[in-house]
There are 2 protein chains.
Amino acid sequence: MRTLYERDDVIPLIAEVFREHGFEGSSLSRITESTGLGKGSLYHFFPGGKDEMARAVLAHVDGWFEREIYTPLRDAAPDGAIAQMWRGVDDYFRSGRRVCLVGAFALDDTRDRFAAVIASYFTRWIDALRDALVRGGWPAAQAADAAEEVVAGIQGALVLARATNDTAVFGRALGRFQLRLQQRPPV
Amino acid sequence: MRTLYERDDVIPLIAEVFREHGFEGSSLSRITESTGLGKGSLYHFFPGGKDEMARAVLAHVDGWFEREIYTPLRDAAPDGAIAQMWRGVDDYFRSGRRVCLVGAFALDDTRDRFAAVIASYFTRWIDALRDALVRGGWPAAQAADAAEEVVAGIQGALVLARATNDTAVFGRALGRFQLRLQQRPPV
DNA sequence: ATCATATTGTACCATACGGTACAGGCGGTC
DNA sequence: GACCGCCTGTACCGTATGGTACAATATGAT
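Attention in this report is confined to the structure presented alongside it. As the structure is a prediction and not an experimental result, all values here were calculated from the model. Within every chain, residues take consecutive numbers counted from 1 along the sequence as written. Whichever chain is written first is A, and whichever ligand is written first is 1; the rest continue in order. For this predicted model, a pLDDT threshold of at least 70 governs which residues receive local features, and a threshold of 80 or more governs which side-chain atom pairs are given and counted, while totals over whole chains, interfaces and linings are taken from all residues. Note that water and hydrogens are dropped before the side-chain values are worked out from all heavy atoms of the structure.

## Examining the interface of chain A and chain B
Taken together, the 40 residues of chain A in the interface contact 40 residues of chain B. Here chain A packs against chain B, burying approximately 3,400 Å² in sum over the two surfaces, 57% of which is carbon and sulfur. Each salt bridge in this description consists of a side-chain nitrogen of Lys or Arg and a carboxyl oxygen of Asp or Glu lying within 4 Å of one another. Put simply, chain A and chain B have ten salt bridges between them. Taking the shortest distance from any N to any O, the salt bridge between Glu 148 of chain A and Arg 172 of chain B comes out at 2.8 Å. By the criterion applied in these results, polar contacts are pairs of N or O atoms within 3.5 Å in which, for protein atoms, one can donate a hydrogen and the other can accept it, and in which residues neighboring in sequence qualify only through two side-chain atoms. On inspection of chain A and its partner chain B, the count reaches 21 residue pairs in polar contact (both at pLDDT 80 or more). Here the side of chain A that touches chain B gets 13 residues from one element, more than from any other, and that element is helix α9 (residues 140-164) of chain A. The residue classification treats Ala, Val, Leu, Ile, Met, Phe, Trp, Tyr, Cys and Pro as nonpolar and Asp, Glu, Lys and Arg as charged. All others, Gly included, are polar. Grouping the amino acids of the side of chain A that touches chain B by side-chain chemistry returns 16 nonpolar, nine polar and 15 charged. By definition in these notes, contact holds between two residues if any of their heavy atoms fall within 4.5 Å. Buried area is calculated as the accessible area (1.4 Å probe) missing from two parts once they are joined, with the contributions of both summed. Numbered from the N terminus, helices here are DSSP runs of H or I no shorter than four residues, and strands are runs of E no shorter than two.

## Quick notes on the packing of helix α10 (residues 168-182) of chain A against helix α9 (residues 140-164) of chain B
Relative to each other, α10 of chain A and α9 of chain B sit at 100°, their axes nearing to 11 Å. Considering their axes alone, α10 of chain A and α9 of chain B lie roughly perpendicular with respect to each other. Contacts from Val 169, Arg 172, Arg 176, Phe 177 and Arg 180 of chain A in α10 of chain A reach Asp 145, Glu 148 and Glu 149 of chain B in α9 of chain B. Among the residues making up the contact of α10 of chain A with α9 of chain B, the classes are represented as two nonpolar, no polar and six charged. Angular values range over 0 to 180 degrees, each being the angle between N-to-C directions of two axes fitted as lines to C-alpha atoms, with helices fitted over their stretch in contact. Reported orientations rely on four angle classes, namely roughly parallel under 35 degrees, roughly antiparallel over 145, roughly perpendicular from 65 to 115, and oblique for the rest.

## Details of the relation of the copies chain A and chain B
Two copies of the chain are present, and they differ by a rotation about an axis and a shift along that axis. Each copy is superposed on the other by least squares, with the fit set by C-alpha atoms of residues at a pLDDT of at least 70 in both. Overlay of chain A on chain B (RMSD 0.0 Å): rotation 180°, translation along the axis 0.0 Å. This pairing of chains is accounted for by a two-fold axis. In terms of C-alpha distance to the rotation axis, chain A has Gly 156 of chain A as its closest residue, with the C-alpha 1.8 Å off the axis. Most of the interface of chain A is mirrored in chain B: 100% of its interface residues are interface residues there too.

## Considerations on the packing of aromatic side chains
The pairing test for Phe, Tyr and Trp rings, Trp by its six-membered ring, is centres within 6.5 Å, and the orientation test on the planes gives stacked under 30 degrees, edge-to-face over 60, and tilted for anything in between. With the rule as written, the count across this model stands at 38 aromatic pairs over all chains. Taking the centre distance of 6.1 Å and the plane angle of 35° together, the rings of Tyr 70 of chain A and Trp 125 of chain A count as tilted. Of this pair, Tyr 70 of chain A sits in helix α4 (residues 49-75) while Trp 125 of chain A is found in helix α8 (residues 115-135), placing the two residues 55 residues apart along the sequence. Each member of the pair Tyr 70 of chain A and Trp 125 of chain A is classed as buried. Centroid distance Phe 65 of chain B to Phe 93 of chain B: 6.0 Å. Interplanar angle 40°. Geometry classified as tilted. A residue pair is termed long-range when its members are at least 10 positions apart, and Phe 65 of chain B in helix α4 (residues 49-75) and Phe 93 of chain B in the loop between α5 (78-92) and α6 (101-107) qualify at 28 residues. The burial state of Phe 65 of chain B is the same as that of Phe 93 of chain B; both residues are buried. Two limits define a charge over a ring: the Lys NZ or Arg CZ must be within 6 Å of the ring centre, and within 35 degrees of the ring normal. The positively charged end of Arg 98 of chain A is found above the aromatic ring belonging to Tyr 92 of chain A, 4.8 Å away from the centroid. Summary of the burial criterion: residues with accessible area below 20% of their type's maximum are buried, those above 50% are exposed, and those between are partly exposed, where the area comes from a 1.4 Å probe applied to protein chains only.

In structure tokens form, the structure reads like this:
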């Protein structure tokens with residue numbers, strides 16, 4: 001039997017701390033508390049400290065989206081991949097009860113620390129969705145526009161849901177976009 | 001001649017600190033640095049410390065939006081008020097170079113500290129825009145839907161613009177919404 | 001059973017944090 | 001010029017911060 005906590009097991013726990021408190025607000029004491037790991041273990045797994053923890057968390061999130069959302073959008077049948085995107089996103093963000101770590105990091109000066117990862121997370125999402133739309137018959141320009149709007153809209157809905165403490169906002173936003181992507185693009 | 005800094009003069013400076021670093025990241029030393037005021041003066045103006053500074057900043061932002069955006073949306077001719085909203089928002093957020101303080105506070109646990117102010121900022125915006133649309137001839141349900149989508153979309157565009165370091169995203173989002181609000185609501 | 005390695009708890013470090021105390025400086029007013 | 005009240009700089013407080021050092025413990029392979 002292996003140890004209770006390997007490095008990979010602890011990353012989702014750290015992710016939740018960063019998600020709730022932001023980078024600056026996530027003190028090591030908070031992280032030790034919610035992982036049950038002392039500083040010793042933490043710095044054994046992440047010799048680079050908080051910075052490396054955040055980097056691992058971002059890579060973990062990025063990997064999930066790449067696997068569950070982006071790759072299907074690029075490679076699978078467009079309709080199915082887009083349907084899976086709605087499902088995946090709704091699941092991942094717990095129907096609006098959860099916030100986007102990458103989006104949160106993007107807003108303050110934490111962005112500068114992880115600029116490349118953060119930018120890539122969003123541009124790859126937009127590009128993959130655009131590709132799926134194009135393969136689904138959308139003209140390139142409208143596809144790019146719609147993809148950008150959907151990804152931005154999801155972020156905005158998460159902000160709004162949390163700000164107003166009304167998770168229904170998120171579901172309504174997803175529903176609107178779902179409907180719009182099913183129709184032909186507007187002139 | 002009066003002193004260089006009155007309380008009101010310093011609020012926009014503090015606002016910029018909170019905007020760039022978030023609540024947790026805005027240390028008093030950063031605030032003293034970018035205001036030029038020592039702790040003595042700062043605590044003279046804001047006896048409640050950081051909490052009161054943030055509250056003053058939020059009230060300042062809220063006041064600006066109430067005056068420049070919400071009130072016109074509620075009271076003035078809908079078309080003109082909405083046009084002014086696009087102008088005002090583009091100015092305020094410096095065409096995507098600036099981030100929304102209230103949105104940033106909403107994402108981490110800073111929200112819990114200022115929950116009422118944050119929620120009200122967004123709900124009042126949505127409600128005012130919905131009213132303007134209704135007065136402009138939109139059916140109530142579609143107006144509410146569109147208003148929510150626009151306010152969320154603006155937040156999302158700000159996140160995306162900063163995340164990808166591409167301010168053009170913001171302009172494109174505003175353009176899309178502007179166009180859509182000019183048309184009749186979709187079925 | 002031995003042993004190297006992986007993991008952990010504890011104590012400690014310098015620094016930065018938010019906040020307080022307070023003595024003085026400065027401006028106006030009489 | 002004396003006075004008063006607003007403003008400010010400085011020194012200081014206890015605590016928490018991110019990070020390090022290291023001895024002690026567990027673990028797995030032989």
